Amino acid sequence: MSALRLIHQETQTSSSSRILVEDVFTSDYSIYKIITSKFETVGTDATALDMRFLTTSGTEVTNTNYEYAALNLKAEAAFTTREGTAKNYLDNAFGGTDESPSTNMTVTYVYNPYEEEYTFVTQDRTSITGTTSSNVSRAEKFIGVLRQTRRMGGFMLYETLSRPFQNGVIKVYGLRID
């Protein structure tokens, strides 16, 4: 039997500014794997796909207890870092997206979301942005934490730049450790 169990999958086919993924974190697992792929913006402007956690009652956690750091690995320029403390979301946690043919894929691990402990996130991301004739490849390593000791039931993927997205896939797996 596989240690990874698919517990939620959805495909975004219409224009949206946010997706709520509720009731996926339970006492059954301590570690979750989230894979996102194929998101595109509506129009021609790129947007960042941010993350907030949802409580077990579905309420967004909007206080300033989020912290993160990331290393951006750029094919066309020097590597850069970014970080944030006392934020009310995990900035660009699911990467950036742009119009087709640009694409991205993230593999995110969420640790202890249903425990009454801090919730941690690690992630690897790859993306290709630009036009068909001048694509730019990028990768990113991301870590984050929600410094709050309450149970989380899910998460929200959303954008903050008034640039809706479409055509994305989200898969959530529970990682069984026996």
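Residues numbered from 1 in each chain as written. Predicted model: local features only at pLDDT ≥ 70, side-chain atom pairs only at ≥ 80, totals over all residues. Heavy atoms only, no water.

Asks: Just give me the short version of the packing of aromatic side chains, but keep the residues and values in it.
Replies: In this structure the tally under the stated criterion is eight aromatic pairs. Taken together, a centroid distance of 6.4 Å and an interplanar angle of 50° make the contact between Phe25 and Phe53 tilted. Of this pair, Phe25 sits in the loop between β2 (18-21) and β3 (31-37) while Phe53 sits in strand β6 (residues 50-55), and the two are 28 residues apart along the sequence. Ring centres of Tyr29 and Tyr32 lie 5.7 Å apart, and the angle between their planes is 75°; on these two criteria the pair is classed as edge-to-face. Neither residue differs from the other here; Tyr29 and Tyr32 are each classed as buried. Taken together, Phe25, Tyr29, Tyr32, Phe53, Tyr66 and Phe155 form an aromatic cluster joined through their ring pairs. (Phe/Tyr/Trp six-rings, centres within 6.5 Å; stacked < 30°, edge-to-face > 60°. Helix = DSSP H or I, 4+ residues; strand = E, 2+ residues; numbered from the N terminus. Buried < 20%, exposed > 50% of the residue type's maximum accessible area, 1.4 Å probe, protein only.)

Asks: I'd love a proper account of the confidence of the model for the protein chain, names of residues and values included.
Replies: Close inspection of predicted coordinates is inappropriate for parts of the model with low pLDDT. In this model, the protein chain carries a mean pLDDT of 86, and residues with pLDDT of at least 70 account for 87%. Ranking the elements of the protein chain by mean pLDDT puts strand β9 (residues 96-97) last with 64 and strand β15 (residues 169-175) first with 95. (pLDDT = per-residue confidence, 0-100.)

Asks: Please set out the nonpolar core residue by residue, giving values where relevant.
Replies: Counting residues in hydrophobic clusters, the biggest one holds 28 residues, and the most contacted among them are Met51, Phe53, Leu90, Phe155 and Ile170. Counting only elements with at least two residues in this core, the list comes to β2, β3, β6, β7 (66-74), β12 (134-146), β13 (152-158) and β15. If near-sequence neighbours (up to four positions away) are discounted, Met51 is found in contact with Ile34, Tyr89, Leu90, Ala93, Phe94, Val110, Phe155, Met156 and Tyr158. (Core = buried A, V, L, I, M, F, W, Y, C linked by side-chain atoms within 4.5 Å. Contact = heavy atoms within 4.5 Å.)

Asks: If you had to explain the sheet that holds β13 to someone new, which residues and values would you point to?
Replies: The antiparallel open sheet is built from three strands, whose spatial order is β2-β13-β6. Each edge of the sheet is formed by a strand with only one pairing partner; in this case those strands are β2 and β6. Between one strand and the next, the sheet's axes are offset by a mean angle of 20°, whatever the strand orientation. By the bridge criterion, six bridges tie β6 to β13 in an arrangement that is antiparallel. (Pairing = 2+ DSSP bridges. Axes fitted to C-alpha atoms, helices over the stretch in contact; angles between N-to-C directions.)

Asks: I'd like a description of unusual backbone geometry, backed by residues and values.
Replies: Backbone geometry at Asp23 places phi at a positive 55°, although glycine is not the residue there. In this structure, Asp23 sits in the loop between β2 and β3. The residue Ala86 is not glycine, and still its phi comes out positive at about 55°. Inspection of the secondary structure assignment puts Ala86 in strand β8 (residues 80-87). For Ala86, a relative accessible area of 48% corresponds to the partly exposed category.

Asks: Tell me about the environment of Ile31, residues and numbers included.
Replies: Mapping Ile31 onto the fold places it in strand β3. Using a relative accessible area of 15% as the deciding quantity, one classes Ile31 as buried. For Ile31 and Asn112, which are 81 residues apart along the polypeptide, the C-alpha to C-alpha distance reads 6.2 Å. Beyond its immediate stretch of four places on either side in the chain, Ile31 contacts Tyr109, Val110, Tyr111, Tyr173, Gly174, Leu175 and Ile177.

Asks: Help me get a handle on the pairing of β8, residues and values and all.
Replies: As paired elements, β7 and β8 share six bridges and run antiparallel to each other. The residue bridging Tyr68 from the neighbouring strand is Gly84, located in β8. In this structure, the hairpin formed by β7 and β8 is closed by a connection of five residues.

Asks: Provide a residue-level description of the pattern of salt bridges, including the pertinent values.
Replies: By the definition in use, this model includes seven salt bridges. Between Arg18 and Glu60 there is a salt bridge, with its nearest N and O atoms 2.8 Å apart. Here Glu60 lies in the loop between β6 and β7 and Arg18 lies in strand β2, a separation of 42 residues in the sequence. When its relative accessible area of 43% is taken as the criterion, Arg18 is described as partly exposed. Owing to a relative accessible area of 25%, Glu60 belongs among the partly exposed residues under this scheme. (Salt bridge = Lys/Arg side-chain N within 4 Å of Asp/Glu carboxyl O.)

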